[in-house]
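Coordinates in review
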Amino acid sequence: MLSEDMIPQKWYNIQADMPVKPMPMLNPKTKEPVTVDDLSSLFCRECSSQELNQTDRWIDIPDEVRQRYANYRCTPLVRAYGLEEALGTPAHIYFKNESVSPIGSHKLNSALAQAYYCKQEGVTNVTTETGAGQWGAALSYAAKVFGIEAAVYQVKISYEQKPYRRSIMQVFGALVTPSPSMSTRAGKDILTRTPNHQGSLGTAISEAVELARMTPGCKYTLGSVMNHVTLHQTVIGLEAEKQMELTGEYPDIVIGCFGGGSNFGGIAFPFMRHNFSGERNTRFIAAEPASCPKLTQGKFEYDFGDEAGYTPLLPMYTLGHDFQPSNIHAGGLRYHGAGTIVSQLLKDGYMEAVDLEQTETFKAGCLFAKTEGIIPAPESCHAIAAVIREAEKCKETGEEKTILFCLSGHGLIDMTAYDQYLAGNIH
Ligand SMILES: *Cc1c(COP(=O)(O)O)cnc(C)c1O
């Protein structure tokens, strides 16, 4: 089969099939459920309507987006024979390799869709914030592809200390501004109060949102948490489903690392629909960092999706929007909340979560690198560590389970983190 034929024609909207639908997002001022109009003051209209769509099970992938997907999709589904052998496990371990995308992670799957819809709607500029820079890089490239301008506010300390992703965004032609900056009112206020402010995601979000609100033809974008982002990521699981069919196996366990839930939902949801229908009984495990354990230790309540309090109030597992996780290397997992769909699914017992310490995740990542030849992103190491735990259980019980996980990205720009692990500086 041609790999291009394997690229789905439609994304899977799990909201249509959920036995209990997520509770509504609320407008923080009126406490009324948000409408597409409310959302589209910030996000483009099509994404706003996808966000609230609880009825259409399948949503067409526009041809232009599918053509761009074809540059790197379908991504490989790989049996990790080397890892299986090293572990001495009877389990069959497969991974879906999203690290082969041009920017090195799954984030491009949604960036391309969001930039395309913006272009269609006459939007000329997009903004976002970025910490470590993975989302900023994906959006910068996607904006260039569809001929729109990207302005990215990068947390000042990362801008200065992690220059490579900044350079990547700049190579793609994005305007990258260290936040807080003098270019917005929010930034000026912060700098007036604290001239040496090093920036945080909160300051960067405030600036990106302000720019989007103040600039005609400009929209704000997010790379995780929101339902429309996870919808776009279902290409991962839909492809994996067809690829698993070719192997003659079906996963007993599906695992993804968990920041705001987009790569986890992307690989898990297409398989989960067969659990809803009663045909299958797959286990789904989200792997989160112990330093930011919203799924295993957060509360289910209404909270803001962002640190600055600009998004609607979302019903989700959260550690509180002002929670400050420690500065772990898996920057993409340092997020306080879990997104409304995953939160409802966890509450209703359709999935599980585990939290893992950095030492265990880097150890797992190094074993994966040695046995499979790919340096995983520090985020993806969490999924690998959870896989290893399950594979070791299989070794004890002798069960030949099939485990599938999402390798959300490679870690070639994160070698400083590996250096520190090898030097024994990560505890
Ligand atoms: C951003 C990122 C994540 C976390 O985001 P999710 O929305 O939870 O998938 C995980 N892995 C990589 C490589 C990332 O860049």
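An account of the accompanying structure is given in this report. Every chain is numbered independently, its residues counted from 1 as its sequence is written. The predicted nature of this model means local features are confined to residues of pLDDT at least 70 and side-chain atom pairs, given and counted, to a pLDDT of 80 or more, with totals for whole chains, interfaces and linings taken over all residues. Side-chain descriptors were evaluated using all non-hydrogen atoms of the structure, hydrogens and water having been removed beforehand.

Each helix and strand counted, the protein chain has 17 helices and 14 strands in total. The principal-axis extents of the C-alpha atoms in the protein chain amount to approximately 60 × 50 × 40 Å. Classification of the 427 residues of the protein chain by burial places 61% in the buried group. Partitioning the intrachain contacts of the protein chain with sequence separation of at least 6 by distance along the chain shows that 75% fall at a separation of at least 24. A run of H or I in DSSP counts as a helix once it spans at least four residues, and a run of E counts as a strand once it spans at least two, with each numbered from the N terminus. Each residue is placed in one exposure class: buried if its accessible area under a 1.4 Å probe, protein chains only, is under 20% of its type's maximum, exposed if it is over 50%, and partly exposed if it falls in between. Whether two residues touch is decided by their heavy atoms; if any such pair falls within 4.5 Å, the residues are in contact.

The rolling of a water-molecule-sized probe over the atoms marks out the regions of remaining empty space. Here a cavity denotes a set of grid points, spaced 1 Å apart and computed over the protein atoms alone, in which a 1.4 Å probe fits but from which it cannot get out, and a pocket denotes an open set meeting protein on both sides within 12 Å along at least five of seven lines; residues with an atom within 4 Å of a point are reported as lining. Grid points are joined across faces, edges and corners, and a volume is the space filled by probe spheres set on the points. The calculated volume of the second largest pocket comes to roughly 250 Å³. In terms of lining residues, the second largest pocket is bounded by 14 residues, among which N27, P28, R213, Y310 and P312 are the most central. In the scheme used here, Gly and all other residues not listed as nonpolar or charged are polar, with Ala, Val, Leu, Ile, Met, Phe, Trp, Tyr, Cys and Pro taken as nonpolar and Asp, Glu, Lys and Arg as charged. Each residue belonging to the lining of the second largest pocket can be placed in one class, and the counts come to seven nonpolar, four polar and three charged.

A few words on the packing of helix α15 (residues 358–372) against helix α17 (residues 415–422). Note on method: axes are straight lines fitted to C-alpha atoms, helices fitted across the in-contact stretch only, with angles between N-to-C directions ranging 0 to 180 degrees. Where α15 meets α17, the closest approach of the two axes is 11 Å, and the angle between their N-to-C directions is 105°. Of the possible angle classes, the one that applies to α15 and α17 is roughly perpendicular. Of the residues in α17, those in contact with T359, F362, K363, G365 and C366 of α15 are A417, Y418 and Y421. Its residues assigned to classes, the contact of α15 with α17 comprises five nonpolar, two polar and one charged. An angle counts as roughly parallel when it lies under 35 degrees, as roughly antiparallel when it exceeds 145, as roughly perpendicular when it falls between 65 and 115, and as oblique in every other case.

For the rest of this paragraph, the subject is the site of the ligand. Working definition: residue near molecule or strand if any one of its non-hydrogen atoms lies within 4 Å of it. Taken together, 18 residues lie around the ligand, and K107, S224, G259, S262 and S408 are the ones closest in. Pairs of N or O atoms are called polar contacts if they sit within 3.5 Å, as long as, within protein, a hydrogen donor faces a hydrogen acceptor (for residues adjacent in sequence, only side-chain-to-side-chain pairs). Between the ligand and the protein, one listed contact pairs an oxygen atom with a side-chain N or O atom of Q134 at 3.4 Å. In this structure, an oxygen atom belonging to the ligand sits 2.7 Å away from a main-chain N or O atom of G259. When the ligand is considered free in solution it has 390 Å² of accessible area, and contact with the protein chains removes 98% of it. The Shrake-Rupley method, run with a 1.4 Å probe, gives the accessible areas here. Residue values count only the displayed protein chains as cover.

It is worth spelling out the pattern of salt bridges at this point. Throughout this description, the term salt bridge denotes a Lys or Arg side-chain nitrogen within 4 Å of a carboxyl oxygen of Asp or Glu. One pass over the structure, following the stated rule, counts 14 salt bridges. A salt bridge links D37 to R45; its shortest N-O distance comes to 2.9 Å. Residue R45 is classed as partly exposed on the basis of its relative accessible area, which comes to 42%. In this structure, the salt-bridge partner of R283 is E390, at a minimum N-O distance of 3.1 Å. With R283 in strand β10 (residues 283–289) and E390 in helix α16 (residues 378–397), this residue pair connects regions lying 107 residues apart in the sequence. R283 sits in the partly exposed class, given a relative accessible area of 27%.

This part takes up unusual backbone geometry. Of all residues except glycine, most have a negative phi; of all peptide bonds, most are trans. The linkage connecting R73 with the following residue, C74, adopts the cis geometry, with an omega of 0°. Position of C74 relative to the elements: it lies in the loop between α3 (63–69) and β3 (77–79). A cis amide bond links S179 to the next residue, P180, at an omega of 5°. With respect to the element layout, P180 can be found in the loop between β7 (175–179) and α9 (185–193). Of note, K31 is a non-glycine position whose phi angle comes to about 65°, a positive value. As for its position among the elements, K31 is in the loop between β1 (10–12) and α1 (36–39).

Take the pairing of strand β12 (residues 313–318) next. The element β12 is largely enclosed, with a buried count of six among its six residues. Burial of the side chains of β12 extends over both faces: L313, P315 and Y317 are buried on one face and L314, M316 and T318 on the other. Bridging between strand β11 (residues 299–304) and β12 involves six bridges; their strand directions are antiparallel. From the neighbouring strand, F300 faces β12, where its bridge partner is Y317. When DSSP finds at least two bridges between two strands, those strands are taken to pair.

The next point concerns helix α11 (residues 227–247). Expected span of a helix: the number of residues minus one, times 1.5 Å. Here α11 contains 21 residues, and its C-alpha end-to-end distance of 31 Å stays within 8% of the 30 Å for a straight helix at 1.5 Å per residue. Given a residue, its bend is the angle between the two axes fitted to the seven residues that end at it and to the seven that start from it. The sharpest bend along α11 comes to roughly 30°, located at Q233. In terms of burial, α11 is largely enclosed, as 17 of its 21 residues are buried.

Purely spatial values, then, with no claim about function.
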